[in-house]
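One-letter residues, chain by chain:
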Amino acid sequence: MATVGSAVGLGNIWRFPYQAGENGGGAFLLTYALAVLLIGIPAMVAEFIVGRESHLNAVGAFKKIAPKKAWGGIGYLGVFTGFMIDCYYCVVTGWTLYYLFLAASDNLLGLSVDQYSIMFSTYSSGVFPPIFALVSVILITGVIVSLGVQKGIETASKIMMPLLFLLLLALAVNSCLLEDSQTGLEFLFIPNWSEFTIDTILSAIGQAFFSLSLGMACLVTYSSYFTDDVNLIGTASKISVIDMGVAVLAGVIIFPAVFTFGMEPEQGPGLVFKVLPNVFSQMPLGYLWSLLFYALLFLAALTSFISITEVVVAYISEAFKISRVKSVILTGLTFTLLGSVCSLSFGPLSGFTIAGKNIFDSLDYLATNILLPLGGILTSIFVGWRLDKKVIEKQLNIKGKKGAAFLKVYIFFLRYIVPASVTCVLVTGLLS
Ligand code: TRP
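Read on for an overview of the structure. None of these values were measured; they are calculated from a predicted model. (Residues numbered from 1 in each chain as written. Predicted model: local features only at pLDDT ≥ 70, side-chain atom pairs only at ≥ 80, totals over all residues. Heavy atoms only, no water.)

## Digging into a negative patch on the surface
Okay, so step 1: The grouping of Glu22, Glu195, Glu264 and Glu266 at the surface amounts to a negative patch.
Okay, so step 2: Inspection of the secondary structure assignment puts glutamate 266 in the loop between helix 12 (232–260) and helix 13 (271–282).
Okay, so step 3: Accessibility expressed as a relative area gives 45% for glutamate 266, which makes it partly exposed. (Patch = residues over 30% accessible without salt bridge, like charges linked within 9 Å, V, L, I, M, F, W, Y side chains within 5 Å. Areas by Shrake-Rupley, 256 points an atom, 1.4 Å probe, with all protein chains shown as cover. Salt bridge = Lys/Arg side-chain N within 4 Å of Asp/Glu carboxyl O. Lys, Arg positive; Asp, Glu negative; His and termini not counted. Charge placed at Lys NZ, Arg CZ, Asp CG, Glu CD. Helix = DSSP H or I, 4+ residues; strand = E, 2+ residues; numbered from the N terminus. Buried < 20%, exposed > 50% of the residue type's maximum accessible area, 1.4 Å probe, protein only.)

## Considerations on the packing of helix 2 (residues 10–22) against helix 5 (residues 72–104)
Okay, so step 1: At a closest axis distance of 12 Å, the pairing of helix 2 and helix 5 adopts a crossing angle of 95°. Here helix 2 is positioned roughly perpendicular relative to helix 5, judged by the angle of their axes. Packed against helix 2, whose contacting residues are Leu10, Gly11 and Trp14, the element helix 5 presents Tyr89, Val92, Thr93, Trp95 and Thr96 at the interface.
Okay, so step 2: Residues of the contact of helix 2 with helix 5, tallied by class, amount to 5 nonpolar, 3 polar and no charged. (Axes fitted to C-alpha atoms, helices over the stretch in contact; angles between N-to-C directions. Parallel < 35°, antiparallel > 145°, perpendicular 65-115°, else oblique. Contact = heavy atoms within 4.5 Å. Nonpolar A, V, L, I, M, F, W, Y, C, P; charged D, E, K, R; others polar.)

## Quick look at the site of the ligand
Okay, so step 1: Ala7, Gly11, Tyr89, Phe210 and Ser213 are the nearest of the 18 residues found near the ligand.
Okay, so step 2: A distance of 3.4 Å separates an oxygen atom of the ligand from a polar atom in the side chain of asparagine 12.
Okay, so step 3: A distance of 2.4 Å separates an oxygen atom of the ligand from a polar atom in the side chain of tyrosine 89.
Okay, so step 4: Secondary structure elements with two or more residues in the shell around the ligand: helix 1 (2–7), helix 2, helix 5, helix 10 (198–211) and helix 14 (286–319).
Okay, so step 5: Here the shell around the ligand is composed, by residue class, of 10 nonpolar, 8 polar and no charged. (Near = heavy atom within 4 Å. Polar contact = N/O pair within 3.5 Å; in protein donor to acceptor, adjacent residues only side chain to side chain.)

## Things to note about the environment of valine 45
Okay, so step 1: Within the element layout of this structure, valine 45 appears in helix 3 (residues 26–54).
Okay, so step 2: Along the backbone, valine 45 and isoleucine 233 are 188 residues apart, and their C-alpha atoms lie at a distance of 6.1 Å.
Okay, so step 3: Excluding anything up to four places from it in sequence, valine 45 contacts Leu232, Ile233, Ala236, Leu396 and Tyr410.

## Considerations on the packing of aromatic side chains
Okay, so step 1: Using the criterion set out here, one finds 32 aromatic pairs in the structure.
Okay, so step 2: Aromatic side chains phenylalanine 16 and phenylalanine 28 sit 6.1 Å apart centroid to centroid with 40° between the ring planes, which places their arrangement in the tilted category. A residue pair is termed long-range when its members are at least 10 positions apart, and phenylalanine 16 in helix 2 and phenylalanine 28 in helix 3 qualify at 12 residues. Comparing phenylalanine 16 with phenylalanine 28, the two get one shared label, buried.
Okay, so step 3: Here the aromatic rings of phenylalanine 187 and phenylalanine 259 are separated by 5.6 Å at their centres, their planes lie at 55°, and the arrangement is tilted. Taken together, the residues span a long stretch of sequence, with phenylalanine 187 in helix 9 (residues 181–189) and phenylalanine 259 in helix 12 at a distance of 72 residues.
Okay, so step 4: For phenylalanine 187, a relative accessible area of 19% translates into the label buried.
Okay, so step 5: Cation over ring: lysine 357 sits above tyrosine 365, and NZ or CZ is 4.5 Å from the ring centre.
Okay, so step 6: Note that arginine 415 overlies the ring of tryptophan 385, its terminal NZ or CZ placed 4.3 Å from the centroid. (Phe/Tyr/Trp six-rings, centres within 6.5 Å; stacked < 30°, edge-to-face > 60°. Lys NZ or Arg CZ within 6 Å of the ring centre and 35° of its normal.)

## Considerations on the pattern of salt bridges
Should their charged atoms come close, side chains of opposite charge can pair.
Okay, so step 1: Taken as a whole, this structure holds 3 salt bridges when the rule is applied.
Okay, so step 2: Between glutamate 310 and arginine 324 there is a salt bridge; the shortest N-O distance is 2.9 Å. In this pair, glutamate 310 is assigned in helix 14 and arginine 324 in helix 15 (residues 324–344), connecting sequence segments 14 residues apart.
Okay, so step 3: Residue class for glutamate 310 comes out buried when judged on its relative accessible area of 12%.
Okay, so step 4: Residue arginine 324 is classed as partly exposed on the basis of its relative accessible area, which comes to 26%.

Here it is in structure tokens:
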């Protein structure tokens, strides 16, 4: 459940809808589903194998299995990628905290469609309010990570995740009853290939990695705590299905509302924040729904943020031989600084762009569409080519003829399918 807590977060509810909105809806959903099935699940199992075999964190795991070899680099790359994601993840988690505050203080409901768009733009482009929110997020996370309350995260995830799922289900039903829900559902489920490019595939693969917490050895760390009776393939499949289910539910909530309220699906990172308040405003008992939703969204974001931060903090404290608390303070201060720069890239720093993207979007593109897939390719190659087959056999509990055939197929995926397909898309996407 803690691993589900890491996977289910802003990636599903904030990132998936706006990526789908920008990449043509149904075509993106289909590509994303294929990416989860053909690349995500094999790559997740690979991270689980490394984690449970070594019982160590990101960097240590690869070093232990392949001592004195460059494979430890996968761990370092993971820490670096996690560091980058943290810099902007705290900004969006801060936004959810602010909306939770608005919902709780009953200042969210009753505005018009345009007013909600302006409200989000004004808030996110401001200086102190969003920075105050991201600093609060960093402080809360800092306390939790320095106390090392893994148990607490597991317990919280066990209660929160099913509750979040039920709430999303109810909101999805509500959205299906909206006036123009059909247009929204068609947008999400019926592929329109007219805007489909190699970049759509790259974004779908990136989204799969981001949403499943893959490609930065985060799940290596989590699975290093798995006991021997955990079935790795079953667990990876279950997590992927749940994670995808949450993303699809988020889409079913958002897109009917987008079209009913006459909005555009291509709004970028603000999409969910601009659309959802309209939905709550129209619902009976909107105050309660919105309060519950933002509380759960904030907690889901927090458990994911913690999972990334854990990797960075653990590495810094080991590498520099400083205490966990000192490591938390050091990373916390760095995130405050770089997170603020990301936040300001929606306001005062919006003129500073790289290839047409502001700092926030550039970091997200680099980390999600490039570094996570790269980490995934390297991990697959490591497990497929470098790791002893017996280790894989043992970790996957392979028995009998059928098992041997399955093992062959799995290793074929790790050796060829995952690295080749992701490399192809990555290289073509970057060159185009
Ligand atoms: N999967 C999380 C989400 O959907 C984010 C996340 C947590 C993550 N840990 C990660 C992304 C590790 C990439 C790598 O919000």
